[in-house]
Amino acid sequence: MQIHTLSIRHGRSDAEAVRSILGSDQVFVIDYDAIDHHVLNTAEYTYLSHMFDIVVLNMSERINDVIDTIMAGALLVVIDPDVQEKRLHDFFEVTENIVMPYTDSDSCRTFSDLGGQYFFTDREVPYPFRSAYTTAEISGDKYIRVLDFPNDLSEMIFG
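A. Highlighting unusual backbone geometry. Positive phi, normally seen in glycine, also occurs at His10, with a value near 55°. Assignment of secondary structure puts His10 in the loop between strand E1 (2-9) and strand E2 (12-13). His10 gets classed as exposed once you look at its relative accessible area, which sits at 76%. Positive phi, close to 60°, is recorded for His38, a residue that is not glycine. Considering the arrangement of structural elements, one finds His38 in the loop between helix H2 (32-37) and helix H3 (42-49).

B. Main features of the packing of helix H4 (residues 63-71) against helix H5 (residues 85-94). Where H4 contacts H5, the two axes come as close as 10 Å, and the packing angle between them is 30°. The angle between H4 and H5 falls in the class roughly parallel. For the crossing formed where H4 meets H5, the hand is right-handed. Counted together, Ile63, Val66 and Ile67 of H4 and Asp90, Phe91 and Val94 of H5 form the full contact between these two elements.

C. Representation of H3 within the structure. Buried within H3 are the following residues: Glu44, Tyr45 and Leu48. The buried residues of H3 occupy one face: seen down the axis, they fall within an arc of 105°.

D. Broad picture of the pairing of strand E8 (residues 131-134). The alternating pattern of E8 places Ser131 and Tyr133 on one face and Ala132 and Thr134 on the opposite face, and all of these are buried. Where strand E7 (residues 118-121) lies against E8, four bridges are found, and the strand directions are parallel. Looking across to E8, one finds that Tyr118 is bridged to Ser131. Sheet analysis places E8 next to strand E9 (residues 143-146), joined by three bridges and oriented parallel. By the bridge assignment, Ala132 is partnered in E9 with Tyr143.

E. Expanded view of H5. Three or more residues of H5 are buried, namely Leu88, Phe91 and Phe92. With its buried residues spanning 95° around the axis, H5 presents them on a single face. Exposed side of H5, more than 90 degrees from the buried face: Lys86 and Glu93 are the residues found there. Residues of H5 that are buried in the fold lie against strand E4 (53-60), H4, strand E5 (74-79), strand E6 (98-101) and helix H6 (105-113).

F. Quick look at the nonpolar core. Phe28, Leu57, Phe120, Tyr133 and Phe149 are the most contacted members of the largest nonpolar core, which has 20 residues in total. Counting residues per element, the ones that place at least two in this core are strand E3 (26-31), H2, E4, E5, E7, E9 and helix H7 (151-158). Those residues in contact with Phe149 that sit more than four places away from it in its chain are Thr5, Phe28, Ile30, Leu57, Phe120, Thr135, Ser154 and Ile157. In terms of nonpolar packing, the next biggest core, distinct from the first, is built from 19 residues, Val83, Leu88, Ala132 and Ile138 among them.

G. Structural detail: the layout of surface pockets. Counted as a void, the largest pocket has a volume near 150 Å³. Together, Ala34, Ile35, His38, Val39, Leu40, Asn58, Met59, Ser60, Glu61, Arg62, Asp65 and Asp80 line the largest pocket. Going through the elements one at a time, H2 and E4 are the ones with two or more residues in the lining of the largest pocket. When the residues that make up the lining of the largest pocket are grouped by side-chain class, the tally is five nonpolar, three polar and four charged.

H. Broad picture of the environment of Leu57. One can find Leu57 in strand E4. The spatial distance from the C-alpha of Leu57 to the C-alpha of Ser7 is 9.5 Å, given a sequence separation of 50 residues. Once you skip the residues sitting within four places of it in the chain, Leu57 turns out to touch Phe28, Val29, Ile30, Asp31, Ile35, Val78, Phe149, Leu153 and Ile157.

What counts, and where the lines are drawn
- Residues numbered from 1 in each chain as written.
- Predicted model: local features only at pLDDT ≥ 70, side-chain atom pairs only at ≥ 80, totals over all residues.
- Heavy atoms only, no water.
- Helix = DSSP H or I, 4+ residues; strand = E, 2+ residues; numbered from the N terminus.
- Buried < 20%, exposed > 50% of the residue type's maximum accessible area, 1.4 Å probe, protein only.
- Axes fitted to C-alpha atoms, helices over the stretch in contact; angles between N-to-C directions.
- Parallel < 35°, antiparallel > 145°, perpendicular 65-115°, else oblique.
- Left-handed = near helix turned anticlockwise from the far one by under 90°.
- Contact = heavy atoms within 4.5 Å.
- Arc of directions from axis to C-beta.
- Pairing = 2+ DSSP bridges.
- Core = buried A, V, L, I, M, F, W, Y, C linked by side-chain atoms within 4.5 Å.
- 1 Å grid on protein atoms, 1.4 Å probe; cavity = no way out; pocket = protein on both sides within 12 Å on 5 of 7 lines; lining within 4 Å.
- Points joined across faces, edges and corners; volume = space filled by probe spheres on them.
- Nonpolar A, V, L, I, M, F, W, Y, C, P; charged D, E, K, R; others polar.

Shown next, in the form of structure tokens:
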């Protein structure tokens, strides 16, 4: 399976980009305002969620950000890979719909041990999972290829 990427900058997604992927079931949304300035664009998540199932990459670090993102219509939310174990426990008390970037095997093992089922990765995941969103070509039914993912952001996340 493959899904398209949409970016949110300055509170909005590009209307032409949205039109070009209408009819897609699921979209990977990058919220640059949240990543760069810790400002969630929940109104835009709601708007996009009326057209697509959205997976939102906003690198949430706080429980309220995860809740707000899910309540605004996100199917899944990609959290900050540096979230501490105690905070992961808090996240899982609210929802299982969180995605861990695969950056550090120890934190991913902890995530998996706590019941995490979704990963964002550039490599194969050695833990049990329901699905993994990937920036690389990886074969397997559980891997979902994210098309047009920006290289600079990929380097920032995965190193």
